[in-house]
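Residue strings, one per chain:
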Amino acid sequence: MIAKILFVIIVGLACGLAVGAGFVAFITVLSIIPRLMQLTKTMTKILYYEAAVVLGVVSGAWLSLQEPVFSINRYFLLVFGLFYGVFVGMLSAALTEVLNVFPLLAKRIKLQERLLYLLMAMVFGKIFGSLFHWIFFVDM
Amino acid sequence: MENTIYIRLRHRVEVKENERIRLKDVALIIAPENILPTLENLCIYEVTKEDKNTIIIDGMQVIKHITFQTNESEIQLIGPPQTIIEVVYKKSRLSFPIFLIVWFLLFIGSAFTIMNFHEDVSMQLVHQKLFYLLTGIKDSKPLVFQIPYSIGLGLGMILFFNHVFKKRINEEPSPLEVEMFNYQQAIDQYLVMHENKERMKKIHDR
C-alpha cells in the first residue's frame, strides 16, 4: 500500500515537473516576459514576474483539478476577460513573430512602409474572429 | 604617417541604374587634403544591366583602385570589408488593389485561425466552466467574460509589437523591427558570401 502511494506520488511529481518545465520553456521561447519588462522598464522586478507566472500556473492547476465555486460578481469578469485576452493576444503575436511571417511578407511584396496596416489587419482579424466565434458561431 | 588614407566602407548603399559609383558613395574617407577631392570622385564601378540587383564591392578592389590612381601606399581599411550595393530600378510601388488583397488575406486568415484555435482547445467549455467557478452562475454563453477577452486579444498583439496606431509607447525598437533587422542581416550575409567572387575559391578556378 505504502509502496503504491509512494509510486503514485513520484509519478505525479514527475508529470508535474515535465508539464511545468514545458510551460516555462514555451513562455521563454516566446519571450513575453522580457517584452513586458522592456515596455514597462521594470527589468529589476524579474523575480516577482517569475513568481507571478509560477503562482498563476499553480492556482490554475488547483482550480481545474479541485473545481471550487466562488461567487464573484459577474461584472468583475470583465477585468478577468480583458487580462486573459491580452495574454493570449501577446502569445499569438509572439507566435507570428517566431514564425517570421512579417519580415518575409514585407520583403517579398515590398510592403515595408505599410507594414503597420498589415499588422492592424491581423489585430482586427483576431478581434473580429473571436467576437464572431463567441456571439454567433457557438450557437450554430 | 602623414599620407595615410583611411577608408571606411559603408555597409549598404542604394544606387540608381547606369550610375557611376564613386568612392565617396561607398565609403567615408580621411586623407591628406591635396588628394581628398580626387579620391572622393574616384570611379569605383559602373553599374550595367548585367549586374541585376546587387553588387558587392570588396575592400581589396577599392584599395586596388586607389593605389592605381594616386600611388599612395598607406591605406587603412576600417570597418566592414565590403559594401553591398543595391541597384534600385524605378521606384516599384505596390499597387493599391494588391495591398488590399494582402490586407484581407491577413484579416480573414487571422480571424479564422483564432476560431480554429478556440475550437481546438475547447475554449468555450473552459470559459463556461471558469465562469461558473468564479461566479457560481451557469451560463452557456458567458459574454461578459468573452467580449473583453476578444478585445484584449487585439490589445495584447498591439502591446507585443509596441504599436498603438503609429504612436510608440517607448523608443526602443519593437520585436518586429528587430526581426526585420535580423532578416536583413541574414540576407546581407548570404549576399556577401555568395555574390562576392573574391570570397570564394573553387577547385576549377585554379
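Calculation notes
The numbers attached to residues start from 1 for each chain and follow its sequence in the written order. Lettering of chains starts at A and numbering of ligands starts at 1, both following the order in which they are written. A pLDDT threshold of at least 70 governs which residues receive local features in this predicted model, and a stricter bar of 80 or more applies before side-chain atom pairs are shown or counted, although totals over entire chains, interfaces and linings include all residues. Water and hydrogen atoms were dropped before computing side-chain values, which therefore reflect all heavy atoms in the structure. A run of H or I in DSSP becomes a helix once it reaches four residues, and a run of E becomes a strand once it reaches two; helices and strands are each numbered from the N terminus. In this scheme, a residue with accessible area under 20% of its type's maximum is buried, one over 50% is exposed, and one in between is partly exposed, where area comes from a 1.4 Å probe on protein chains only. Contacts were defined at the residue level, with two residues in contact if any of their heavy atoms lie within 4.5 Å. Each accessible area is a Shrake-Rupley estimate made with a 1.4 Å probe; only the visible protein chains count as cover when residues are assessed. Two strands form a pair only when DSSP identifies at least two bridges running between them. The angle between two axes is taken between their N-to-C directions and runs from 0 to 180 degrees, where each axis is a line fitted to C-alpha atoms and a helix contributes only its stretch in contact. UniProt positions are given in the numbering used here, feature names are shortened, and annotations may be inferred rather than shown by experiment. Each salt bridge in this description consists of a side-chain nitrogen of Lys or Arg and a carboxyl oxygen of Asp or Glu lying within 4 Å of one another. An angle below 35 degrees is read as roughly parallel, one above 145 as roughly antiparallel, one from 65 to 115 as roughly perpendicular, and any other as oblique. Put simply, a crossing is left-handed when the front helix is turned counterclockwise from the back one by less than a right angle, and right-handed when it is turned clockwise. Put simply, Ala, Val, Leu, Ile, Met, Phe, Trp, Tyr, Cys and Pro go in the nonpolar bin, Asp, Glu, Lys and Arg in the charged bin, and everything else, Gly too, in the polar bin.

An unreviewed UniProt entry annotates chain B as Stage V sporulation protein AA originating from Perspicuibacillus lycopersici.

For chain A, an unreviewed UniProt entry supplies the name Stage V sporulation protein AB and the organism Perspicuibacillus lycopersici.

> Can you walk me through the overall build of chain A in this structure?
Looking only at helices and strands, chain A has six helices and zero strands in total. What you see in chain A, going N to C, is helices and strands ordered as α-α-α-α-α-α. Burial status across chain A gives 31% buried among its 140 residues. Of the contacts made within chain A by residues no fewer than 6 positions apart, 44% connect residues no fewer than 24 positions apart. Accessible surface computed for chain A: about 8900 Å², of which carbon and sulfur atoms make up 78%.

> I would appreciate a short explanation of the sheet that holds strand S2 (residues 12-16) of chain B in the present structure.
Pairing between the strands of a sheet is mediated by backbone hydrogen bonds and can be parallel or antiparallel. All names here are of chain B. Taken in spatial order, the three strands of this open sheet run S2-S8-S6, and their pairing is mixed. Each edge of the open sheet carries a strand with a single partner, namely S2 and strand S6 (54-58). Averaged over all adjacent pairs, the angle separating strand axes in this sheet is 30°, with direction ignored. Two strands pair when backbone bridges link them, and S6 and strand S8 (residues 82-88) are joined in this way by five bridges, in the antiparallel orientation. Within the sheet, the bridge partner assigned to Ile56 lies in S8 and is Ile84. Sheet strands in contact with helix H3 (residues 59-70) are S6 and S8, and its direction is about 60° off that of S6. Here helix H7 (residues 175-195) sits on the sheet in contact with S2, S6 and S8, set at roughly 70° to S6.

> Help me understand the UniProt feature "transmembrane region" (unreviewed entry) in chain B, please; the structure alone is not making it clear to me.
If you check UniProt for "transmembrane region" (unreviewed entry), the listed places come out as residues 94-115 and 143-161 of chain B in our numbering. Secondary structure across residues 143-161 of chain B divides into 100% helix and 0% strand, with the first and last C-alpha atoms of the span separated by 27 Å.

> So what exactly am I meant to see when it comes to the pattern of salt bridges here?
A side chain with one charge may pair with a side chain of the opposite charge, provided their charged atoms come close. Residues and elements named next belong to chain B. Enumeration according to the criterion identifies five salt bridges over all chains in this entry. Asp188 is the salt-bridge partner of Arg12, the closest N and O atoms lying 2.3 Å from each other. With Arg12 in strand S2 and Asp188 in helix H7, this pair connects stretches of sequence that are 176 residues apart. Taking relative accessible area as the criterion, Asp188 reaches 4% and is therefore assigned buried.

> Looking at this structure, I do not really get the packing of helix H6 (residues 115-135) of chain A against helix H6 (residues 143-161) of chain B. What am I missing?
Angle between the axes and distance between the axes are the two parameters that describe a pair of packed helices. Running from N to C, H6(A) and H6(B) cross one another at 165°; their axes reach a closest spacing of 9 Å. Here H6(A) is positioned roughly antiparallel relative to H6(B), judged by the angle of their axes. Considering only the axes of H6(A) and H6(B), their crossing is right-handed. Contact residues: H6(A) offers Leu119(A), Met120(A), Met122(A), Val123(A), Lys126(A), Ile127(A), Ser130(A), Leu131(A), Trp134(A) and Ile135(A), while H6(B) offers Leu143(B), Gln146(B), Ile147(B), Tyr149(B), Ser150(B), Ile151(B), Leu153(B), Gly154(B), Met157(B), Ile158(B) and Phe161(B). A per-class count over the contact of H6(A) with H6(B) returns 16 nonpolar, four polar and one charged.

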